[in-house]
Amino acid sequence: MSSEKAEAGTGKPPMRDALVAAAFQLFLERGYEQTTVDDIVALAGVGRRSFFRYFPSKEDVVFPDHERCLADMTDFLADGSDDDEPVGRVCDAARLVLRMYAENPTFSVQRYRLTQQVPGLRAYELSVVWRYERALAAYLRRRFAACRDGTLQADVIAAAVVAAHNNALRSWLRSDGQGEASAAVDRALAYVQSAFGGVPVPPAMEQPEDVVVVVSRRGAPLWRVVQEIETTLGRG
């Protein structure tokens, strides 16, 4: 039985959640830079090994759910079919990130404020956002593989989806999580779909057939003409 299951049976929060709660309590009281991993584990009542079992670094405790969310997004895109409209599919994938933030508005707002204060956390957050964008782009590259400039199209649309999603999300976070975040994100993503969505994905482009012109002297035997053609095509 895992330690988290055992803790669930006692009514205590799982150790991972306890570490996140302790970390943010200290970040709010002392500041991020002034809080150490030793401070966090002392407040949570666990050892350092327990902390690093769940979080590779102090930065990771600020973003505890992004790995799970990225995995959910990747699975969601992989489970789609070729009948799905690709831009709509990646917009729906972006809504999974919104759902993660909306599940705990208080925590999400606290994290947003913290990342605005700590340059290192802003840089870390940008790396997380880049991974989401790459996941969307990888899906679109596959869907647009037969299109001219398919890679360019995929990368531009993925960047637009992330930009639209983040613009609405941050507006919601700046309002201290007031109102429905989904309404703002839906409105932002509608711009992306109006610009890029609804265009049929073309089938693979047919390659033009080879045209071979052979100059042969009049009266040459047919086998010689065929031999010259095969040699020209590299089949001889």
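Residues numbered from 1 in each chain as written. Predicted model: local features only at pLDDT ≥ 70, side-chain atom pairs only at ≥ 80, totals over all residues. Heavy atoms only, no water.

Engineer: Looking at this model, I keep getting lost on helix 10 (residues 181-196). Mind explaining?
Structural biologist: For the α-helix, the turn length of 3.6 residues means that residues three or four positions removed from each other point alike. Taking 1.5 Å as the rise per residue, helix 10 with 16 residues should run 22 Å; its terminal C-alpha atoms sit 23 Å apart, in good agreement. Taken together, the buried positions of helix 10 are occupied by Ala-181, Val-185, Ala-188, Leu-189 and Val-192. Seen end-on, helix 10 carries its buried residues on one side only, within an arc spanning 90 degrees. Every exposed residue of helix 10 that faces more than 90 degrees away from the buried side is listed here: Arg-187, Tyr-191 and Ser-194. (Helix = DSSP H or I, 4+ residues; strand = E, 2+ residues; numbered from the N terminus. Expected span 1.5 Å × (residues − 1). Buried < 20%, exposed > 50% of the residue type's maximum accessible area, 1.4 Å probe, protein only. Arc of directions from axis to C-beta.)

Engineer: Got a minute to help me understand the side chain of Lys-58 in this structure?
Structural biologist: One can find Lys-58 in the loop between helix 4 (48-54) and helix 5 (66-78). For the buried Lys-58, no salt bridge exists, and the shortest N-O distance to an oppositely charged side chain is 4.9 Å, to Glu-33. Excluding its chain neighbours within four sequence positions, the residues that come into contact with Lys-58 are Phe-27, Tyr-32, Glu-33, Thr-35, Val-37, Ile-40 and Phe-51. (Lys, Arg positive; Asp, Glu negative; His and termini not counted. Salt bridge = Lys/Arg side-chain N within 4 Å of Asp/Glu carboxyl O. Contact = heavy atoms within 4.5 Å.)

Engineer: Explain the pattern of salt bridges here, please?
Structural biologist: Throughout the structure, instances matching the rule amount to 14 salt bridges. The salt bridge partner of Asp-82 is Arg-142, with a shortest N-O separation of 3.3 Å. Note that Asp-82 is positioned in the loop between helix 5 and helix 6 (86-103) and Arg-142 in helix 8 (residues 119-143), a separation of 60 residues in sequence. Take Asp-82: its relative accessible area is 56%, and that puts it in the exposed class. On the basis of relative accessible area, Arg-142 is assigned to the partly exposed category, the value being 45%. Between Arg-89 and Asp-84 there is a salt bridge, with its nearest N and O atoms 3.8 Å apart. On the basis of relative accessible area, Asp-84 is assigned to the partly exposed category, the value being 24%.

Engineer: What should I look at first to understand the packing of helix 2 (residues 15-30) against helix 7 (residues 105-117) in this one?
Structural biologist: The contact between helix 2 and helix 7 brings their axes to 12 Å, and the two run at 50 degrees. In terms of orientation, helix 2 and helix 7 fall into the oblique class. The interaxial crossing formed by helix 2 with helix 7 has left-handed handedness. Where helix 2 approaches helix 7, its residues Val-20, Phe-24, Phe-27 and Leu-28 are matched on the opposing element by Phe-107, Gln-110, Arg-111 and Leu-114. (Axes fitted to C-alpha atoms, helices over the stretch in contact; angles between N-to-C directions. Parallel < 35°, antiparallel > 145°, perpendicular 65-115°, else oblique. Left-handed = near helix turned anticlockwise from the far one by under 90°.)

Engineer: Even after reading the chapter, I still don't get the confidence of the model for the protein, so can you show me in this structure?
Structural biologist: Residues shown with low pLDDT carry predicted positions that ought not to be read at fine detail. In the predicted model, the protein carries a mean pLDDT of 85, and the fraction of residues at 70 or more is 78%. pLDDT under 50 marks residues 1-11. Its contacts with residues more than four places away, or in other chains, come to eleven contacts. Across residues 204-208, confidence stays below pLDDT 50; counting only partners more than four residues off in sequence or on other chains, it has three contacts. (pLDDT = per-residue confidence, 0-100.)

Engineer: Before we go on, may I ask you to explain unusual backbone geometry in this structure?
Structural biologist: Glycine aside, a negative phi is what most residues show, and trans is what most peptide bonds show. With a phi angle near 60 degrees, Asp-149 is a residue other than glycine that sits in the positive phi range. With respect to the element layout, Asp-149 can be found in the loop between helix 8 and helix 9 (150-174). On the accessibility criterion, Asp-149 (53% relative accessible area) is exposed.

Engineer: Looking at this structure, I do not really get the packing of aromatic side chains. What am I missing?
Structural biologist: Any pair of aromatic rings gets described here by the distance separating the centres and the angle formed by the planes. As enumerated under the stated definition, the model contains seven aromatic pairs in all. On the numbers, 6.5 Å between centres and 50 degrees between planes, the contact of Tyr-54 with Phe-55 is tilted. Aromatic ring contacts, followed pair by pair, group Phe-24, Phe-27, Tyr-32 and Phe-107 into a single cluster. If you follow Arg-89 out to its NZ or CZ, it ends over the ring of Phe-76, 3.7 Å from the centre. (Phe/Tyr/Trp six-rings, centres within 6.5 Å; stacked < 30°, edge-to-face > 60°. Lys NZ or Arg CZ within 6 Å of the ring centre and 35° of its normal.)

Engineer: Is there a simple way to explain the nonpolar core in this structure?
Structural biologist: Nonpolar side chains in soluble globular proteins tend to end up buried together. Membership of the largest hydrophobic core comes to 42 residues, with the highest contact counts inside it found for Met-73, Tyr-132, Leu-136, Leu-140 and Val-161. Per element, the largest residue contribution to this core is eleven residues, and it comes from helix 9. Apart from residues lying up to four places away in sequence, Leu-140 is in contact with Pro-86, Val-90, Ala-154, Ile-157 and Ala-158. (Core = buried A, V, L, I, M, F, W, Y, C linked by side-chain atoms within 4.5 Å.)

Engineer: Explain helix 3 (residues 37-44) here, please?
Structural biologist: Within helix 3, the full set of buried residues consists of Val-37, Ile-40 and Val-41. Seen end-on, helix 3 carries its buried residues on one side only, within an arc spanning 90 degrees. On its buried side, helix 3 packs onto helix 2 and helix 4. In the stretch just after helix 3, Gly-45 is the one whose phi turns positive, near 75 degrees.

Engineer: Is there a simple way to think about the environment of Leu-70 in this case?
Structural biologist: Tracing the backbone through its elements, the reader meets Leu-70 in helix 5. We classify Leu-70 as buried; its relative accessible area is 13%. Residues Leu-70 and Ala-94, spaced 24 residues apart in sequence, show a C-alpha to C-alpha distance of 10.0 Å. If we skip the residues at most four places from it in the chain, Leu-70 touches Arg-131, Tyr-132 and Ala-135.

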